[in-house]
Amino acid sequence: MLRYAVKRIALAVVILITVMVAMYAMVFLVPGDPASLALGPRATPELKELLRERMGLDEPVLMQVWHFFHNAATGDLGYDVWSKRPVLDQILEFFPNTLVLGVTALGWAVVLGVALGCAAVVWRGTVTDRILGILSVGLISVPAFVVAIYAILIFAVWLRWLPAIGAGTPGDFGSQARALILPAFALGIGWVGYLARLVRASLLEVMGENYIRTARAFGLPERKVVFRYALRVAIIPTIALLAVGLGSILSSAVFVETVFGRPGIGTLITGAVQKRNYPVVMGTVLFMTAFYLFVVTAADLLIARLDPRVRDVFRR
Amino acid sequence: MSEPVLSVENLSLRYRVPGGTVAALRSVSIAVRQGEVLGIAGESGCGKSTLAAAMIDLTGANAEITSGTVRLRGQDILSLSRDSRRRLRGREIAMVFQDPMTAFSPVLTVGEQLVDFQFNINDVPRREKWIRAQHMLARVGLTDPDLAMSRFPHELSGGMRQRAAIAAALLMRPAVLIADEPTTALDVTMEAQIVHLLRELQADYRCAIVIVTHHLGVIAELCDRVAVMYAGEVVEEAPVDVLYHDPRHPYTRALLACDPALIEEATGRLPAIGGRLPDLAHPPPGCAFAERCRLSTERCRIVPPPRVALGPDRSALCHEVAP
Amino acid sequence: MSSGGRFRALRALLADPMGTLGLGLVLLFVAMALFAPWVAPADPIKLNVVEKFQPPSLAHFAGTDHLGRDLLSRIVFGARTALSIALTSVGLAGLGGLILGMIAGIGPRWLDAVLVLMFDSMSSLPMIMFALAVITIVGPGTGTLILVVVLVSIPAYARLIRAQTLGLAGADFIVAERAMGASSARILFRHLLPNVVGPLVILLSMDVPVVIMLEAGLSYLNLGVRPPTPSWGNILYDGYTSIRSAPYMVLVAGLPLVLSTLGFTFLGEGLRDALDPKLRRGEP
């Protein structure tokens, strides 16, 4: 297990470095100079020079690359000349909002998705199962931000039940919770479908396996058969999906946050993109990638803990 | 001692399928005594696996027992509550399945599962269950039982897994061990080892063993008595030597004639039994084998054949057999 | 795959109501996109400020937007934008994945290792984030979008192709063919491609809705196609800003997005069921 863990983490680090290299390479491959692009055509040469210096662009390429890696490793993702704050500070200020939104969205999606998946198994073969199946597929395909806008239309404009904009007043848990409802709903709805289907498929597959029959043949009570023998195996694909889901939801949050005017990584990065503020953009993308890799690696390690067959994957 | 430890009496079972029902067992009566090894032979689809499942009460949600009973030491099992029946499994009646590769859960160690399987013994501490399991693994021929206990099933070979499955089945010293095609998924060498193992264990523990298989060679090696099944019925029953040397039922004779190992003259062709199994969704009124039988008459097709006693422990289900 | 096999799949698809619905919707939107200039009742770019904010009526089936442009026409042309971008990028990604996957499967071990590392890296980058990064550097536009989608989607296809190639390379009949002197190219074309087409097409059709959503989302943020080219995302944004005064706009703009993504997803699911019934677990 330990050997697998070490190898897996090493792989994640290598991937992260590769991504960083690729992103940084992109900056240099593009014609044009980031400072002029950022400031626009009317910038004076002095201003550009100042910005270049601030962004560290006046140094030789290799030095820049070295700086970038060195800084990233020590947690310095650059300096944002617009807001005059370190990039990492801004990210850390906005990230918790997005994380709360993402976790809430995935949370309710898990609860409903697992429930629907189990329901489909209990009533398998009936009309209910077919309806749930189509519903699941339908839910997968609807885009989150369209749902968001429709939800605003229905619940905020017509019914006026919930707020359309903002994250609520800081310190007022109630208003924050209310402001969270629609965004979390819109963000999570696609995942209900995925999870319901996956849980259904996993459970059905596992319940049909021979080792379930063996457990019953030795007189184990059904409760033990389901929890210790069926669920332990069936849950594994779900964990894998949830890990990817968290990463994906945090990205989709970009749009949902914009629609709802919620402060978060989404608003941070879209604002930066529009201003061509590339330290912030790069820093944010890097941060999110690192977070995604962290979540996926952690999930993989959890899965390896649960399913011993996985640990042999690195052996050729 | 001559009272059977497990007996099936006129058991009829059918499966509910889309469009109706399929008769899987048609008034089957079979018994096995303590210390005896009974073989149940027949081709695919004859109902032997269903019979095995019925003996251990693992028949599945769409199975329906329409008549008859299963008795363990004289007591009617089917009339017990579901919970009581469950408590018998492993403890009094245990089963070894055909495919060792999928018989164990992949995410628990062999030891954990062997301890789990002793669920129906109460008042024994977990530590002791672990030791019992370890001893049993040694008994079935695993060379390093301690290591095997901490291994996951996929780390053991097929032969080792089947041995472990047999060990599991014997852990609680059941009165009856049912083995459903125990060697079919193994290669010939392993098959021989398992057969040998079963013989040894049977000599030691004196439990009754029921072996379900289509492999006549295994039956010849292991069994004291054989029951041949066809289309959900027992068509012939006899001590093993008697059956092989003097088969009486036309089906048994055809079956033995088909076994390549028993063919004495090389004819250049493999014999086969012409025709097909009857459709058990609509069972025929008379003898199920009549369509394919060389001796069949008009009576055979219409009138159900009688069970003709041919001697002690010997019978055949046929019109054309003389006692 | 024989032609009989291909038609069998089609028939299976049509037998499934979900698959048929999906196919119908997809064909509808494809037709809309192809024949946009003839289908649209009016010029989508033509301003007519006098008629701004007209709710749906006989003259304008979907109403008009804040600049008086006919919404139905904009939606029809928006289909052209969405589908052309989606199908182009997914198609290119599929092709790229096919080639890279085959190279990874057949080529030397070190190349395979490098490629796999690249694939894993590309798929760790959330598509939206990567798109935003590229847009920051290169600037928004259709080309950027297609580039981003291709780069991020290739790994999934490449992995599939690679797995199939690796699996095939060891198969006995391949060894036999090689023994008879068949070249790698011949083996690839005759054996790999037919086996791989099915799963690849399924993956492709599942990715199309993702790209449609991405394009719409980016256009919504004004980081996608440049106005005045109609895009469902643009229209949605216009509707959003006037959500209180002209609620019909968001309804009308969101509908094609929902229906097209639904259609492609249903089609993908239907194809998956049609091409491999074994995947239908637990159905009676």
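Owing to the predicted nature of the structure, the values given are computational and were not obtained by experimental measurement.

Some thoughts on the overall build of chain C
Inference 1: Looking only at helices and strands, chain C features eleven helices and zero strands.
Inference 2: Listing the helices and strands of chain C from first to last along the sequence gives α-α-α-α-α-α-α-α-α-α-α.
Inference 3: Viewed in the frame of its principal axes, chain C has a C-alpha envelope of about 75 × 45 × 35 Å.
Inference 4: With 284 residues in all, chain C has 54% of them scored as buried.
Inference 5: When the accessible surface of chain C is summed, it comes to about 12400 Å², and 69% of that surface belongs to carbon and sulfur atoms.
Inference 6: Taken as two groups, the 20 positive and 16 negative side-chain charges of chain C have centres that lie 4 Å from each other.

As for the overall build of chain A
Inference 1: Each helix and strand in chain A was counted, giving twelve helices and two strands.
Inference 2: Each helix and strand of chain A, ordered N terminal to C terminal, gives the series α-α-α-α-β-β-α-α-α-α-α-α-α-α.
Inference 3: Restricting the contact set of chain A to residue pairs at least 6 apart, pairs at least 24 apart contribute 71%.
Inference 4: A total of about 14600 Å² of accessible surface is found on chain A, and carbon and sulfur atoms cover 68% of it.

Things to note about the packing of aromatic side chains
For any pair of aromatic rings, geometry is given as the distance between the ring centres together with the angle between the planes.
Inference 1: For the structure on display, the rule yields 15 aromatic pairs over all chains.
Inference 2: Between Phe-95 of chain A and Phe-287 of chain A, the aromatic rings sit 5.0 Å apart at their centres with planes inclined by 80°, giving edge-to-face as the arrangement. With Phe-95 of chain A in helix H5 (residues 87-122) and Phe-287 of chain A in helix H12 (residues 278-306), the pair connects residues that are 192 residues apart, well separated along the chain.
Inference 3: Exposure remark for Phe-95 of chain A: the relative accessible area of 8% places this residue in the buried category.
Inference 4: You can call Phe-287 of chain A buried: its relative accessible area is 18%.
Inference 5: Both rings, one in Tyr-230 of chain B and one in Tyr-251 of chain B, keep their centres 4.6 Å apart while their planes meet at 50°; by these two values the pair is tilted. Pair noted here: Tyr-230 of chain B is in strand E9 (residues 225-230) and Tyr-251 of chain B is in helix H10 (residues 250-258), with a separation of 21 residues, a long-range link.

Here we look at the interface of chain A and chain C
Inference 1: At the junction of the two partners, chain A supplies 58 residues and chain C supplies 48 residues.
Inference 2: Regarding the contact of chain A and chain C, the summed buried area is about 4700 Å², with carbon and sulfur atoms giving 76% of it.
Inference 3: The tally of links between chain A and chain C comes to one salt bridge.
Inference 4: Taking the shortest distance from any N to any O, the salt bridge between Glu-269 of chain C and Arg-197 of chain A comes out at 2.8 Å.

Points about the pairing of strand E4 (residues 63-72) of chain B
Residues and elements named next belong to chain B.
Inference 1: As judged from the eight bridges shared by strand E1 (residues 4-17) and E4, these two strands associate in the antiparallel manner. Residue pairing for E4: Tyr-15 is matched across the bridge by Ala-63.
Inference 2: As defined by bridge partners, E4 adjoins strand E5 (residues 75-76) across two bridges and the pair is classed as antiparallel. Each bridged residue has a counterpart across the sheet, and for Leu-72 the counterpart in E5 is Gln-75.
Inference 3: Between the antiparallel neighbours E4 and E5 lie two residues, among them Arg-73 with a positive phi of about 50°.

Some remarks on the interface of chain B and chain A
Inference 1: Contacts between the two partners involve 25 residues from chain B, matched on the other side by 22 residues from chain A.
Inference 2: Each partner contributes to the roughly 2200 Å² buried at the junction of chain B and chain A, and carbon and sulfur atoms together form 65% of this total.
Inference 3: Ranking the residues of chain B by area buried against chain A places Phe-97, Val-107 and Phe-117 of chain B at the top, with a combined share of 26%.
Inference 4: The tally of links between chain B and chain A comes to one salt bridge.
Inference 5: Taken together, chain B and chain A are joined by seven residue pairs in polar contact (both at pLDDT 80 or more).
Inference 6: Going through the elements one at a time, helix H3 (110-116) and helix H6 (158-170) of chain B are the ones with two or more residues in the side of chain B that touches chain A.
Inference 7: Of the residues forming the side of chain B that touches chain A, the biggest block, three residues, is contributed by H3 of chain B.
Inference 8: In terms of residue class, the side of chain B that touches chain A is built from 14 nonpolar, six polar and five charged.

Details of unusual backbone geometry
All names here are of chain B.
Inference 1: Although it is not a glycine, Asp-57 sits at a positive phi angle of roughly 65°.
Inference 2: A relative accessible area of 16% places Asp-57 in the buried class.
Inference 3: In this structure, Arg-173 takes a positive phi of about 50° despite not being glycine.
Inference 4: With respect to the helices and strands, the residue Arg-173 is situated in the loop between H6 and strand E7 (176-180).
Inference 5: On the accessibility criterion, Arg-173 (49% relative accessible area) is partly exposed.

Details of the confidence of the model for chain A
Inference 1: Predicted confidence across chain A gives a mean pLDDT of 79, with 81% of residues reaching 70 or more.
Inference 2: For chain A, helix H2 (residues 34-39) of chain A is the element with the lowest average pLDDT, namely 58, and helix H9 (residues 210-217) of chain A is the one with the highest, namely 92.

Let's talk about the sheet that holds strand E6 (residues 93-96) of chain B
Across a sheet, paired strands are connected by hydrogen bonds in the backbone, their directions being either parallel or antiparallel.
Residues and elements named next belong to chain B.
Inference 1: In space, the eight strands of this open sheet follow the order E6-E7-E8-E3-E9-E10-E12-E11, with mixed pairing throughout. Where the open sheet ends on each side, the last strands, each with one partner, are E6 and strand E11 (307-311). For this sheet, the mean inter-axis angle between neighbouring strands, taken without regard to orientation, is 20°.
Inference 2: With four bridges connecting them, E11 and strand E12 (residues 314-317) associate as antiparallel partners. Paired with Gly-311 across the bridge in E12 is Arg-314.
Inference 3: Lying on the sheet, H6 is in contact with E6 and E7; it crosses E6 at an angle near 175°.

Structural notes on the pattern of salt bridges
Residues and elements named next belong to chain B.
Inference 1: Using the criterion set out here, one finds 30 salt bridges over all chains in the structure.
Inference 2: The residue Arg-14 makes a salt bridge to Glu-64 at a minimum N-O spacing of 3.2 Å. Pair noted here: Arg-14 is in strand E1 and Glu-64 is in strand E4, with a separation of 50 residues, a long-range link.
Inference 3: Classification of Glu-64 by relative accessible area gives partly exposed; the value is 25%.
Inference 4: Ionic pairing is found between Glu-92 and Arg-73, a salt bridge with its closest N-O pair at 2.5 Å. A residue pair is termed long-range when its members are at least 10 positions apart, and Glu-92 in the loop between helix H2 (82-88) and E6 and Arg-73 in the loop between E4 and E5 qualify at 19 residues.
Inference 5: The network of salt bridges with common partners includes Arg-33, Glu-36, Arg-225, Glu-237 and Asp-313.

Some remarks on the side chain of Ser-296 of chain B
Residues and elements named next belong to chain B.
Inference 1: As for its position among the elements, Ser-296 is in the loop between H10 and helix H11 (298-302).
Inference 2: Of the residues examined, Ser-296 reaches a relative accessible area of 18% and is grouped as buried.
Inference 3: A polar contact of 3.2 Å, which involves the side chain of Ser-296, links it to the backbone oxygen of Cys-293.
Inference 4: Excluding its chain neighbours within four sequence positions, the residues that come into contact with Ser-296 are Ala-290 and Arg-301.

Quick notes on the packing of H12 of chain A against helix H6 (residues 127-138) of chain C
Relative placement of two packed helices is described by the angle separating their axes and the distance separating the axes.
Inference 1: Running from N to C, H12 of chain A and H6 of chain C cross one another at 160°; their axes reach a closest spacing of 10 Å. With respect to their mutual orientation, H12 of chain A and H6 of chain C come out roughly antiparallel. Judged by the twist between their axes, the crossing of H12 of chain A over H6 of chain C is left-handed. Contacts from Tyr-278, Val-281, Met-282, Val-285 and Met-288 of chain A in H12 of chain A reach Met-129, Leu-132, Ala-133, Thr-136 and Ile-137 of chain C in H6 of chain C.
Inference 2: Here the contact of H12 of chain A with H6 of chain C is built from residues that sort into nine nonpolar, one polar and no charged.

Things to note about the pairing of strand E2 (residues 20-33) of chain B
Residue and element names in this part refer to chain B.
Inference 1: Pairing between E1 and E2: ten bridges, direction antiparallel. Bridging across to E2, Val-17 finds its partner in Gly-20.
Inference 2: Connecting E1 to the antiparallel partner E2 that follows it, the hairpin turn spans two residues, and Gly-19 within it adopts a positive phi of roughly 100°.

Considering the arrangement of the chains
Inference 1: Contact analysis covers two pairs of chains in contact, and the most contacts occur between chains A and C.
Inference 2: For chain B and chain C, which are not in contact, the least C-alpha distance works out to 9 Å.

Re helix H7 (residues 144-158) of chain A
Residues three or four positions apart in an α-helix share a direction because the helix packs 3.6 residues into each turn.
All names here are of chain A.
Inference 1: Over its 15 residues, H7 extends 20 Å from the first C-alpha to the last, a length consistent with the 21 Å expected when each residue adds 1.5 Å.
Inference 2: In the structure, H7 departs most strongly from a straight axis at Ile-152, where the bend amounts to approximately 25°.
Inference 3: The buried fraction of H7 amounts to twelve of the 15 residues, a majority that puts the element mostly inside the structure.
Inference 4: When we look at burial in H7, the residues that qualify are Ala-144, Phe-145, Val-146, Val-147, Ala-148, Ile-149, Tyr-150, Ala-151, Ile-152, Leu-153, Ala-156 and Val-157.
Inference 5: Just downstream of H7 lies Arg-160, where phi reads positive at about 55°.

Rules and cut-offs
Residues numbered from 1 in each chain as written. Chains lettered and ligands numbered in written order. Predicted model: local features only at pLDDT ≥ 70, side-chain atom pairs only at ≥ 80, totals over all residues. Heavy atoms only, no water. Helix = DSSP H or I, 4+ residues; strand = E, 2+ residues; numbered from the N terminus. Buried < 20%, exposed > 50% of the residue type's maximum accessible area, 1.4 Å probe, protein only. Areas by Shrake-Rupley, 256 points an atom, 1.4 Å probe, with all protein chains shown as cover. Lys, Arg positive; Asp, Glu negative; His and termini not counted. Charge placed at Lys NZ, Arg CZ, Asp CG, Glu CD. Contact = heavy atoms within 4.5 Å. Phe/Tyr/Trp six-rings, centres within 6.5 Å; stacked < 30°, edge-to-face > 60°. Buried area = accessible area lost by both parts, 1.4 Å probe. Salt bridge = Lys/Arg side-chain N within 4 Å of Asp/Glu carboxyl O. Pairing = 2+ DSSP bridges. Polar contact = N/O pair within 3.5 Å; in protein donor to acceptor, adjacent residues only side chain to side chain. Nonpolar A, V, L, I, M, F, W, Y, C, P; charged D, E, K, R; others polar. pLDDT = per-residue confidence, 0-100. Axes fitted to C-alpha atoms, helices over the stretch in contact; angles between N-to-C directions. Parallel < 35°, antiparallel > 145°, perpendicular 65-115°, else oblique. Left-handed = near helix turned anticlockwise from the far one by under 90°. Expected span 1.5 Å × (residues − 1). Bend = angle between axes of the 7 residues up to and from the residue.

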